[in-house]
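Listed below are the residues making up each chain.
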Amino acid sequence: MASLSVALAHCLPELILAVGVLVLVLLGAIRGKASDGLVTEIAAGLLGAAIVVILLGGKTNAIVFDGAFVNDGFGRFMKVLTLAGSLVTLVMSRDFLAVEKIDKFEFPILILLSTLGMLMLISAAGLIALYLGLELMSLALYVLAAFHRDNIRASEAGLKYFVLGALSSGMLLYGASLLYGFAGTVSFAGIAETINGRASLGVVFGLVFLMAGLAFKMSAVPFHMWTPDVYEGAPTPVTAFFATAVKMAAVAITLRVILTAFPAIAPQWRQIVIFLSILSMALGAFAAIGQANIKRLMAYSAIGHVGFALVGLAAGGEAGVASVLAYMAIYLVMTLGTFAGILSMQVKGAGVENISDLSGLARTDGVMAFFLATMMFSLAGIPPLAGFFAKWYVFNAAIQAQLYPLAVIGVLSSAVAAFYYLRIVKIMYFDEPAPAFDRPAPALRIVLAVSGILVVFLFAYPGLFIDATMAAAKSLF
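Residues numbered from 1 in each chain as written. Predicted model: local features only at pLDDT ≥ 70, side-chain atom pairs only at ≥ 80, totals over all residues. Heavy atoms only, no water.

Asker: Can you break down helix α9 (residues 201-218) residue by residue, with the values?
Answerer: In this model, α9 (18 residues) spans 25 Å end to end at C-alpha, consistent with the 26 Å of a helix rising 1.5 Å per residue. Counting buried positions along α9 yields 13 of 18 residues, so the element is predominantly enclosed. Where α9 ends, the next residue or the one after it, Ser219, has phi of about 60°, a positive value. (Helix = DSSP H or I, 4+ residues; strand = E, 2+ residues; numbered from the N terminus. Expected span 1.5 Å × (residues − 1). Buried < 20%, exposed > 50% of the residue type's maximum accessible area, 1.4 Å probe, protein only.)

In structure tokens:
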């Protein structure tokens, strides 16, 4: 009993969400339509409580539940980012869902269920725990993508994500079964001990299939095919959820699997990671140039940013992991701010998504234009904004690992990608004004302003942030 209580203490954030989901399902079923707003508020409170528990909880690292669940500094850092993405997404979604008449109590419950899967995924210490967390996260995401049932684009997005998601799950399971067959264990530590530098053909094949499944969740090329269509078709708050919280969990488990299960065969997995990184950076840079829909543009932007993050993983070591953590934290802030701006794009109560709708925004809403321009400059990596430091961290880690060609390709891709970010700034400040947007909800203006402030002033106090990423990276090894 004592050991069980200790184990439960290490997964307290997950328990909060799990119990909260059960209570909210009952509340929604009993009260029906009258519970919609209340369920959203309680769900936001649960996500906030989970963040507080992680920040104020113990710093002890432990592996519990017979080696299936790990609680360490790395996991806690990524869980805070994931929960923050979920919480802000939920807060930003209320007005959008009300306008679209899809503000049902099931939405926040699905957000909580998916987030619970993400937390389990981040703390997975074995292949079975990884798959359970991945599927819990994914099953809720399939429904969220098609949540707007009367919208044909949303239905199409949900169907595409479901079909391709099932394919990726099959690939991941096949890779996991190969690894289990050759290693005789499902735990990451056990796999690392069994392989011990001997990379047989079966292990390499298992690693390739496992990485293919994880690359799908990260939307890394060439497993990105679902991303533009799903980002464009899904309701905008769901797109924000995909681009933030889901991305945090996917990158976190990829780091954990690669670095804890396969540390002795770094040359093999590094080739895969470099391949994914180069393709993602290149496609993200060039494919977004001709996009007219801002959500579709953000899909290619997300693909490109995953490629930049993988540069740090390819570098390996504590410095490489710390650079990835720093990159993902900054990317989270920039993306949440950008989607706050996208959700604010409403004309006469109807949402608009074309980049041309931002024309002359500086003359109709100067404050929104300023903060949205700040997000674009930061995403492009313009100094001294946070986006510049994010890329500097991963490129510096690559140079320290002597991956000079990868760093050069990353810099060139960043320069190309800057074109379509700066084009949006040009449209907002120099084109003739389009019809003015409705006044955004206070929550959206707050998220956009806070994101802008964080992006602008990170350079002033980077020490605490970098120390946190280094401590989290160190706990992974």
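Asker: Mind laying out the packing of helix α13 (residues 294-315) against helix α18 (residues 404-430), listing which residues take part and the relevant values?
Answerer: Close contact between α13 and α18 brings their axes to 11 Å; oriented N to C, the two are set at 160°. In terms of orientation, α13 lies roughly antiparallel with respect to α18. Between α13 and α18 lies a crossing of left-handed hand. Along its contact with α13, which presents Ile294, Leu297, Ser301, His305, Phe308, Val311 and Ala314, the element α18 presents Leu406, Gly410, Ser413, Ser414, Tyr420, Tyr421 and Ile424. Residue classes in the contact of α13 with α18 are distributed as nine nonpolar, five polar and no charged. (Axes fitted to C-alpha atoms, helices over the stretch in contact; angles between N-to-C directions. Parallel < 35°, antiparallel > 145°, perpendicular 65-115°, else oblique. Left-handed = near helix turned anticlockwise from the far one by under 90°. Contact = heavy atoms within 4.5 Å. Nonpolar A, V, L, I, M, F, W, Y, C, P; charged D, E, K, R; others polar.)

Asker: Go over empty space enclosed by the protein with me, naming the residues and quoting the values.
Answerer: Summed over all chains, the structure comprises one cavity of 30 Å³ or more. For the largest cavity, the calculated volume is near 50 Å³. Lining the largest cavity are 13 residues, and of these Gly304, Phe308, Ala417, Tyr420 and Tyr421 sit closest to its centre. Considering each element in turn, the lining of the largest cavity owes the most residues, five residues, to α13. Here the residues of the lining of the largest cavity sort into eight nonpolar, four polar and one charged. (1 Å grid on protein atoms, 1.4 Å probe; cavity = no way out; pocket = protein on both sides within 12 Å on 5 of 7 lines; lining within 4 Å. Points joined across faces, edges and corners; volume = space filled by probe spheres on them.)

Asker: Go over the side chain of Ser414, please, and point to the residues and values.
Answerer: Mapped onto the elements, Ser414 comes out in helix α18. Here the side chain of Ser414 touches Lys391 through a polar contact of 2.9 Å, side chain to side chain. Apart from the residues within four sequence positions on either side, Ser414 is in contact with Phe308, Ala380 and Lys391. (Polar contact = N/O pair within 3.5 Å; in protein donor to acceptor, adjacent residues only side chain to side chain.)

Asker: Pulling in residues and values, what's your account of unusual backbone geometry?
Answerer: The omega torsion across Val221 and Pro222 is 10°, close enough to zero to call that bond cis. You can see Pro222 is positioned in the loop between α9 and α10 (227-233). Cis rather than trans, the peptide bond between Pro383 and Pro384 has omega equal to 0°. By the element assignment, Pro384 lies in the loop between α16 (366-380) and α17 (386-400). The backbone of Asp66 shows a phi angle near 55°, a positive value even though the residue is not glycine. As for its position among the elements, Asp66 is in the loop between β1 (62-64) and β2 (69-71).

Asker: Describe the pattern of salt bridges, and please don't skip the residues or the numbers.
Answerer: Tallying each qualifying case throughout the model produces twelve salt bridges. Of the charged contacts in the structure, one is a salt bridge between Lys160 and Asp229, with a shortest N-O distance of 2.8 Å. A residue pair is termed long-range when its members are at least 10 positions apart, and Lys160 in helix α7 (residues 152-183) and Asp229 in helix α10 qualify at 69 residues. The partner of Lys295 in a salt bridge is Glu353, with the nearest N and O atoms 3.4 Å apart. Here Lys295, found in helix α13, pairs with Glu353, found in the loop between β4 (350-351) and α15 (361-364); they are 58 residues apart in sequence, far enough to count as distant. (Salt bridge = Lys/Arg side-chain N within 4 Å of Asp/Glu carboxyl O.)

Asker: Lay out the nonpolar core in plain terms, naming residues and giving numbers.
Answerer: Across soluble globular proteins, nonpolar side chains have a tendency to be buried as a group. Among the nonpolar cores identified, the biggest contains 172 residues, and Met78, Met92, Phe242, Phe262, Trp269, Leu325 and Leu358 are the most heavily contacted of them. Ranked by residues supplied to this core, first place goes to helix α11 (residues 236-261) with 18 residues. Beyond its immediate chain neighbours, meaning those up to four positions away, Trp269 contacts Leu207, Ile258, Leu259, Phe262 and Leu313. (Core = buried A, V, L, I, M, F, W, Y, C linked by side-chain atoms within 4.5 Å.)

Asker: Go over the environment of Ala315 with me, naming the residues and quoting the values.
Answerer: By the secondary structure assignment, Ala315 is in helix α13. The sequence separation of Ala315 and Phe275 amounts to 40 residues, and the corresponding C-alpha distance is 13 Å.

Asker: Which residues make up a nonpolar patch on the surface, and what values do they have?
Answerer: There is a patch of nonpolar side chains on the surface, built from Leu4, Leu8, Leu12, Leu15 and Phe65 and spanning about 370 Å² of accessible area. Along the polypeptide, Leu4 turns up in helix α1 (residues 2-10). (Patch = residues over 30% accessible without salt bridge, like charges linked within 9 Å, V, L, I, M, F, W, Y side chains within 5 Å. Areas by Shrake-Rupley, 256 points an atom, 1.4 Å probe, with all protein chains shown as cover.)

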